[in-house]
Amino acid sequence: MSMGLTPELSPLGKLVIIITMFIGRLGPLTLAFALAQRNKKQKYRYPEEKLLIG
């Protein structure tokens, strides 16, 4: 599928190809799942109580 143009690309063009290939390998669903987990709020809270001992 390649026409052999990769060696003729500029360093910036090669960097774009590298990043695109990495994102394709990682997978959009994996990336979306990882980003969604950071903003997840806690849906429950543990109760707090002051215990009297003695």
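Turning to the overall build of the chain, a few remarks are in order. If you tally the helices and strands in the chain, you get 2 helices and 0 strands. Put simply, the chain has 54 residues, and 4% of those count as buried. Total accessible area on the chain is roughly 6200 Å²; 66% of this is exposed by carbon and sulfur atoms.

This next bit is on the packing of aromatic side chains. On inspection of all chains with the given rule, the structure shows 1 aromatic pair. Considering the side-chain rings of Tyr-44 and Tyr-46, the 5.8 Å spacing of their centres and the 75° angle between planes classify their relative orientation as edge-to-face. For the pair Tyr-44 and Tyr-46, one class covers both residues: exposed.

Let us now look at helix H1 (residues 11-26). Turn by turn, an α-helix covers 3.6 residues, leaving residues three or four places apart pointing in a common direction. A rise of 1.5 Å per residue sets the reference length of H1, with its 16 residues, at 22 Å; its end C-alpha atoms lie 22 Å apart and thus fit the reference within 8%. After H1 finishes, the residue Gly-27 shows a positive phi value of roughly 100°.

On to a nonpolar patch on the surface, then. On the surface, a cluster of nonpolar side chains totalling about 830 Å² of accessible area is made up of Leu-12, Leu-15, Val-16, Ile-19, Phe-22, Ile-23, Leu-26, Leu-31 and Leu-35. Listed by contribution, the elements that provide at least two residues to the nonpolar patch are H1 and helix H2 (28-38). In terms of residues, the nonpolar patch owes the most to one element, H1, which gives 7 residues. Of note, Leu-35 is situated in helix H2.

Calculation notes
Residues numbered from 1 in each chain as written. Predicted model: local features only at pLDDT ≥ 70, side-chain atom pairs only at ≥ 80, totals over all residues. Heavy atoms only, no water. Helix = DSSP H or I, 4+ residues; strand = E, 2+ residues; numbered from the N terminus. Buried < 20%, exposed > 50% of the residue type's maximum accessible area, 1.4 Å probe, protein only. Areas by Shrake-Rupley, 256 points an atom, 1.4 Å probe, with all protein chains shown as cover. Phe/Tyr/Trp six-rings, centres within 6.5 Å; stacked < 30°, edge-to-face > 60°. Expected span 1.5 Å × (residues − 1). Patch = residues over 30% accessible without salt bridge, like charges linked within 9 Å, V, L, I, M, F, W, Y side chains within 5 Å. Salt bridge = Lys/Arg side-chain N within 4 Å of Asp/Glu carboxyl O.

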